[in-house]
Structures are given as C-alpha cells and as structure tokens.
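Chain by chain, the residues:
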Amino acid sequence: MTILTDLQHDTLTEIINIGMGSAAAALSTMVKDEVSISVPDISFSSIDAIKDNLNELDTSNLASVRQGFDGELSGDAILLFSGDKSLEIVRMLLANTLGINDNDFSDFEQEALSEIGNIILNAGLSAIANTLRFDVNSSLPIYKQGDIDRLVTSDDKSQTVLILRVDLNLENKQIKGYVVYLMDILAIDQLIEHIDRYINSIPN
Amino acid sequence: MHEALLKQIVLSTDIGMIVVTADSSVVLWNQWIEKTSRLSADKAIGHQLSQLFPHLTGSRLEQAIDDAINNGTSALLSSAWNLYSLPLFKTESEDADLLQSLMIKPITFNDESYCLIEIFDVTNSHNREALLREKSKESEQALDAAETASRAKTEYVSTVSHELRTPLTSINGSLGLILGGVVGEIPEKARGLIEVASSNTTRLLSIINDLLDIEKIEAGKMEFIFSQVDLNVLCSHVVEQNQNYAQAHNVCFEFMPTKQPMLVSADTHRISQVLSNLLSNAAKFSFSNHAVTVKLNKIENDYCRVAVTNHGSGIPENYRDNLFDKFIQVKGSQSSSKGTGLGLNICRAIMNQHHGHIGFDSVLNDTTSFYFDLKLADGYH
C-alpha cells in the first residue's frame, strides 16, 4: 500500500485544505452563512479495504456525488456522506433560502446535494491541479445513494483509493463525510512525483 | 455528420446552449436561448456575458465559467441555489420567470479553451415539486388531526366504559344473588324477567371488558404473566366452565385431549380468554344439536394447535380477509346474540404477544375450525 513520507503527507493535506477553504467560501456565499470545511486526515487504501477506512459512516446507506477527472491525472472523485445526514446537510443549507420541511429526498434536493458535492470536489481537484501543476479536466457530478458496494462498482476494483476525511461545519453542527479519489497505481505514482517536485521547488 | 446539419441541431435543440471563449465572449447563442432571453444571436454574439447581463459580474456563474476555462472543471448550478442565474422568460411576464439548472463544461478546440453552458428549464418540475410538497404537508396535517381525534375518541370510550363497569358489576352481582335465592323464593313470573336482566348485564359487562381490553392493547398496556401451562389442563377447565353457555345455544362442547402433556409458556388468563371467545363464537354460530369439538394436537415446528370446530353456515368469502379486524361481525348469521366485533381482534393481539398464530378454515354450511398455535416449551418437542 502507498505510504507517504511525513513531508509528502503534510504537503498534500495542506494543499487539499487550501482547496476546501475555497469550497467553504463558495458555500458560505451561496447559503449566506458561515460554512467551514476541514480535512483532519488523509490516507491511502486498497479498494477492497475501503469500508474499513470509512469508519465515521454507515457504509450500507450512503449518499454520494461522483465526478470523473482526466488529463495528466485521471480517476474518479467521490464525496460520501451518511444517507440520512445528507438530507440534513441540504436542509441545513437550504433552510436559509427556501425553508423546506418534509421527509422526501426529492430530485430538487438531490440536485442541490450534487451542487454541494461539485463545489467540494472541484475545489479539491483544482487545488491539487493548480498547486502541483497538473492539467486536469473534471466531468459533471452524478448523485447516487446506496451501499458502498453499489457506489464503488467492480470497474473500480483495480484502483487505489486516496481517502480524505472531511468535516463540514455549519451553524455549530458538524457533519462528517469523506472524499475518496479512485486512481490507478500509475496515477498515484504520478501524484507523489508531483508532490516531490513541488516540495523541491519550495525555497528553503 | 455534415457540419451544417450538426450546427442546425445545436441551434434548434430544446435546451439552451451558449458557448463562450476564454475572454467570456459569446460565440454560440442557440434559438432556445434567443427565445427565452428575448435577445437575438446577432445582438449576443461577440459580446461578453457580463456586458449582456451586468448582474453576472462576480456571480457564481461567472466563477464557474472562469474555473472551466482556467481549471478544466465542470460545474452544476442547480435550481436549488440559483433560481435565475440568467434572466430568462418562460411567459410574457415582465420579470424573469424561467427556473433553470445550468451545466458548465470546459471545451478545448484547436488549442483554444471554450466553455459550454447548457441551460435546462426546470420551471414545471420545480412547480410540480412545490405542489407535491404542499399536498404532502396537507396530508400530514390531516393525518395528525385524525390521530388526535382518534385518541380523543379512544380516551372517551375508555372513560365511559370504566364508569359503566362499576355499577354494572354491582347490578350483575345483585341479580345473581336474587336468582340464587338469597332473598328468598322468587315468584315464577319474576324469575324469567330477572334471568333476562341478569344475562343482559353479563353480556353488557363482557362488551365493556372487550372495549377496555382493546384500549389496553392499543395503548400497549395489556399485561401478560407467563408461566408454564399444560394446554390439556387449561382447555379442559375452560370447556367445563363454558358448558352452560353451550347448553343455552343447544350445542355441547366435546374436549379431545392428547395423551402427553402439552406444555407451553403462556398467560393462563389470556389464553383462557382466547379459548372462551372461540367457544362462544362456535356455539353462537353452530347449527342446533351439534357438538363443538376442542381438539389438541402437535403440529410442525414444535407447535401445539388448539382447534375449535363447529358445524354451521361457515364464514362467507367476503369476511375472510378481515375477520380479525376490529368491529367485524358476520351478518345474516343464525345467531341472535350480537357482540362488539372486538373478540377476534383481541384474540389476535393476545396471540401476537405469545408469538403464536390464530387462524381458521371454513367450509360453507359444513365445518368451521378456529385454531390457535403456541410454541411448545423446551423439552416437550
């Protein structure tokens, strides 16, 4: 399994946190309230062991927003929240604008969550691409709900997973989620190579 | 595909399509967007979006276009947060009234970066959803009101039943004592009337007890005291107790025990209540001068079945699916004594608490068996 040195780990965490900062700023503007996002932990896992690394969530009922990315770095990025919590996120965020109050997760709310996911995933990807100088294109977000095995399909089996724990804070509430990047081993090697290049480019 | 045809498709498609260059100048403005923006392609092409719509400066749409061109990211601007990203018109209204979802995608062509903006009209689905939401809220409120009314009704019935039971018990007891000769010989003319009064107060008490039982069941307050019971002993006792009732209906109860004890874990009082109920139904709905049998036998999966069988008109087809529901009474039967229609519902609730099963088999104008099954205690399988 891929292991980063402490310096590589800290650098990647820092880059992603910068990206999440800009995602939080965008969400704050949208919901007209302060939203903060922190990434307390990142780790690598094999696809088979993904369940063991999502210990903050009930992996049998997840809400996900998935985007592909390609270019110099390719793979898929997936934002995961607990199925029930995801509705809470949308309600918390939309409450300021529309005051929705029913029990159904409608198309409207799925689309709303897709947009939140899109902002968070794009922010992470852009931070990595811009800082580490990758040329990356991302696709549109797709919303899905269900078991982890349904969300991470057999097509993904050959891939390695970079897992970020994401804490979303709004109105003194914290909602825990994960961003996982599915990449093949070549992409992971390339990512590490770019991290090293970036570290070396920083003047002592 | 021919380039001109492709262009025609893009221009005439039923979604809005705008393509802008890296400096946000419009290079494609299709017919859908012409119509909904009330701005012709001639006037739009060559201008920056922020010149056409000044309010877009600093907006999320402008940021998303910038990210698509400079970072290669695609974005979704849902109708949840961005009701009117672009000022578009669905009707003749003076105000923008077309709700929209936007998809922003980066495009590279001949080393030049472009951004494609696709615009979807979600006005109708948005309105439908709002209507559904409203209807759903109304249904919830109606349900709440109905539940509140139902609770109030149950409480009322319960209170009235409690208030009625005490004086009725006293009347019933007094009538029993008079009939028993405590106050001396009763004139023959008076005896008949007192017997009618006594049997009707007994019936009234049984109805009130049923109503109170249902209320307890629904409130989850019916208490059960489980102990190990031999069903042979319990059934024999209950059959004996109800023989007078059988005689009153011109039938007799015949008990067919098993050779071995049938030990189950049960609440004696409640299982006796179930069997009494089945016996009284069997007697009421039996042809005259027939036997009603009570038979015990071991069935599959280590259960014991108690079956009460009579000969009568049977259960009509249209009653069979909901016979155990509340207030269901078979009409047009030969029985003249009506109950509350709660007895079988209470029996089913009692059996549920025993993790048992209650059911029936019925052949019209022949035999009808009502039975209940209880799990045998360990060691008696």
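Residues numbered from 1 in each chain as written. Chains lettered and ligands numbered in written order. Predicted model: local features only at pLDDT ≥ 70, side-chain atom pairs only at ≥ 80, totals over all residues. Heavy atoms only, no water.

### Here we look at the overall build of chain B
Summing up its helical and strand segments, chain B has 11 helices and 12 strands in all. By residue count, 41% of the 381 residues in chain B fall in the buried class. For chain B, the accessible area works out to roughly 21100 Å², and carbon and sulfur atoms hold 53% of it. (Helix = DSSP H or I, 4+ residues; strand = E, 2+ residues; numbered from the N terminus. Buried < 20%, exposed > 50% of the residue type's maximum accessible area, 1.4 Å probe, protein only. Areas by Shrake-Rupley, 256 points an atom, 1.4 Å probe, with all protein chains shown as cover.)

### With respect to the sheet that holds strand β4 (residues 100-109) of chain B
Read from one edge of the open sheet, five strands run β2-β1-β5-β4-β3 (chain B), paired in antiparallel fashion. Both outer strands of the open sheet, β2 (26-29) and β3 (75-77) of chain B, are each paired with one neighbouring strand and no more. Between one strand axis and the next, the sheet turns by 20 degrees as a mean value, whatever way the strands run. Strand direction decides the pairing type here: β4(B) and strand β5 (residues 112-121) of chain B, joined by 10 bridges, are antiparallel. The residue bridging B:Ser101 from the neighbouring strand is B:Phe120, located in β5(B). Relative to the sheet, helix α3 (residues 107-132) of chain A contacts β3 and β4 of chain B, its axis offset from that of β3(B) by approximately 145 degrees. (Pairing = 2+ DSSP bridges. Axes fitted to C-alpha atoms, helices over the stretch in contact; angles between N-to-C directions. Contact = heavy atoms within 4.5 Å.)

### Points about the confidence of the model for chain A
All names here are of chain A. Of all residues in chain A, 90% attain a pLDDT of 70 or more, and the chain-wide mean is 84. Within chain A, the element-level pLDDT minimum falls on helix α2 (residues 83-94), averaging 75, and the maximum on strand β2 (residues 62-71), averaging 92. The low-confidence segment residues 96-102 (pLDDT under 50) makes 15 contacts with residues lying over four places distant or belonging to another chain. (pLDDT = per-residue confidence, 0-100.)

### Examining the packing of aromatic side chains
Aromatic ring pairs are reported here in terms of the distance separating the ring centres and the angle at which the planes meet. Residue and element names in this part refer to chain B. What the rule picks out here adds up to six aromatic pairs over all chains. Centre to centre, the rings of Phe-224 and Phe-226 are 6.1 Å apart; their planes meet at 25 degrees, and the pair counts as stacked. Residue Phe-226 is classed as partly exposed on the basis of its relative accessible area, which comes to 39%. Ring centres of Phe-324 and Phe-370 lie 6.4 Å apart, and the angle between their planes is 65 degrees; this geometry places the pair in the edge-to-face category. Highlighted residues: Phe-324 in the loop between β10 (303-311) and α11 (343-353) and Phe-370 in strand β12 (residues 367-375), separated in sequence by 46 residues. The exposure class of Phe-370 is buried, given its relative accessible area of 11%. (Phe/Tyr/Trp six-rings, centres within 6.5 Å; stacked < 30°, edge-to-face > 60°.)

### Digging into the interface of chain A and chain B
Contact residues are listed per partner, giving 29 residues for chain A and 24 residues for chain B. Both faces considered, chain A and chain B share a buried interface measuring about 2200 Å² in area, 53% of it formed by carbon and sulfur atoms. The interface formed by chain A and chain B contains one salt bridge. Its salt-bridge partner being A:Glu115, residue B:Arg60 comes within 2.7 Å of it at the nearest N-O pair. Inspection of the chain A/chain B interface yields 10 residue pairs in polar contact (both at pLDDT 80 or more). At the level of secondary structure, the elements contributing two or more residues to the side of chain A that touches chain B comprise α1 (6-31), α2, α3 and β4 (136-138) of chain A. At 13 residues, the largest contribution of residues to the side of chain A that touches chain B is made by α3(A). (Buried area = accessible area lost by both parts, 1.4 Å probe. Salt bridge = Lys/Arg side-chain N within 4 Å of Asp/Glu carboxyl O. Polar contact = N/O pair within 3.5 Å; in protein donor to acceptor, adjacent residues only side chain to side chain.)

### Observations concerning the pattern of salt bridges
All names here are of chain A. Tallied over the full model, the rule gives 14 salt bridges over all chains. Ionic pairing is found between Lys-176 and Asp-167, a salt bridge with its closest N-O pair at 3.9 Å. Among the residues examined, Lys-176 registers a relative accessible area of 26% and is labelled partly exposed. Its relative accessible area of 4% is what places Asp-167 among the buried residues. For Glu-193, the salt bridge goes to Arg-197, with nearest N and O atoms at 3.0 Å. Within this pair, Glu-193 and its partner Arg-197 are both found in helix α5 (residues 185-201), separated by four residues, close to a single helical turn. Each of Glu-56, Arg-165, Asp-167 and Lys-176 takes part in one network of salt bridges that share partners.

### Structural notes on the sheet that holds strand β7 (residues 252-256) of chain B
Residues and elements named next belong to chain B. On the basis of which strands lie adjacent, the open sheet formed by five strands has the order β7-β9-β10-β12-β11 and mixed pairing. A single partner strand is all that each edge strand has here, and the edge strands are β7 and β11 (357-362). Taken pair by pair, the neighbouring strands of this sheet meet at an average axis angle of 20 degrees, ignoring direction. The pairing of β11 with β12 spans six bridges and is classified as antiparallel. The residue of β12 that forms the bridge with Asp-361 is Ser-369.

### What about the nonpolar core?
Across soluble globular proteins, you tend to see nonpolar side chains buried next to one another. The biggest cluster of nonpolar side chains holds 60 residues, and the ones touching the most others in it are A:Tyr181 and A:Leu191. When neighbours within four sequence positions are excluded, A:Tyr181 is seen to be in contact with A:Phe69, A:Asp76, A:Ala77, A:Gly124, A:Leu125, A:Ile128, A:Thr160, A:Val161, A:Leu162 and A:Leu164. In this structure, B:Met222, B:Ala266, B:Leu296 and B:Val306 belong to the second largest nonpolar core, which totals 45 residues. (Core = buried A, V, L, I, M, F, W, Y, C linked by side-chain atoms within 4.5 Å.)

### What about a nonpolar patch on the surface?
A surface patch of nonpolar side chains, amounting to about 420 Å² of accessible area, comprises B:Met1, B:Leu5, B:Leu6 and B:Ile9. Structurally, B:Ile9 can be placed in helix α1 (residues 3-12). (Patch = residues over 30% accessible without salt bridge, like charges linked within 9 Å, V, L, I, M, F, W, Y side chains within 5 Å.)

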